[in-house]
Amino acid sequence: MVPLPAAFLDRPIAHRALHGPGRPENSRAAIRAAMDAGYGIEIDLQLSKDGQAMVFHDYALTRLTGASGPIQQRSAADLAGLTLLGGDEGVPRFAEVLEIVGGAVPLLVELKDQDGRMGPNVGRLERAAAEAAQGYRGPLAFMSFNPHSAAEMARLCPDVPRGLTTCACTPEDHPTLRAEARAELREMPGIEEMGAGFISHDHHDLNSPQVARQKARGLNVLCWTIRSPEEEAQARQVAENVTFEGYMA
């Protein structure tokens, strides 16, 4: 097990960075705002057509840029040339974000599942993320809903903490998955084998036996996504830290 550094537990973590007016989610502006406020930062990674790890949440470009089509069909240069809605900048590469953060605050990085199946068809995004992070010296951790992705990061970056992003795995959580696959994910498969040091769990489901089991094993429990002080107070009865948005935690 590779434990999380204390920096991931001693300050709230801004979900998709500290986004708000003029600072789109996962943007450089939102990242700098989170750093200025002293928060940790959570970001998402998707893969560009030419194999670059890009800091972007959605599979489709529409909601965040107004452009059509999936992010995987655009090159890194094309994505940099788009404008994130509500801001004045394009989609950043992971390598750029690492340079901006420079170890100043903890960076929690979620790799998005690339085929909608949470299966073993992984590698390209993971290799791109590992290449970008090579030599990075600040507090950094990787996670994914896909246990195969998290396990691949354990292989590629054995000294970097890794964990699972987890939830109750309802049909609403994972509409593309069969019931059998959701049931398997609910049990957090492979978490011991990958040497995971933490989970980041849906705050609505923190009282689940699966969370209690991992906490008893010594894993740190983070949670997502908190949107009010009241939710935060409730979540902290189980979770050691929160990923938040929409207020100043």
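Residues numbered from 1 in each chain as written. Predicted model: local features only at pLDDT ≥ 70, side-chain atom pairs only at ≥ 80, totals over all residues. Heavy atoms only, no water.

## Quick notes on unusual backbone geometry
At N26, a position not held by glycine, the phi torsion is positive, near 60°. With respect to the element layout, N26 can be found in the loop between strand 1 (13-15) and helix 1 (28-37). Relative accessible area serves as the criterion here: at 1%, N26 is assigned to the buried category. (Helix = DSSP H or I, 4+ residues; strand = E, 2+ residues; numbered from the N terminus. Buried < 20%, exposed > 50% of the residue type's maximum accessible area, 1.4 Å probe, protein only.)

## Examining helix 7 (residues 179-186)
Since the α-helix packs 3.6 residues into each turn, any two residues three or four apart lie on the same face. A181, R182 and L185 are the residues of helix 7 that are buried. The buried residues of helix 7 occupy one face: seen down the axis, they fall within an arc of 100°. Residues of helix 7 that are buried in the fold lie against helix 6 (147-156). A positive phi of about 60° marks M188, the residue just after helix 7. (Arc of directions from axis to C-beta. Contact = heavy atoms within 4.5 Å.)

## Examining the nonpolar core
F94, L107, L140 and F142 are the most contacted members of the largest nonpolar core, which totals 53 residues. With residues up to four places along the chain from it excluded, the contact list for F142 reads F94, V109, L111, A129, A133, M153, C157, V160, P161, R162, G163 and F198. L64, A67, I71 and L84 belong to the second-largest nonpolar core, a separate cluster that totals 11 residues. (Core = buried A, V, L, I, M, F, W, Y, C linked by side-chain atoms within 4.5 Å.)

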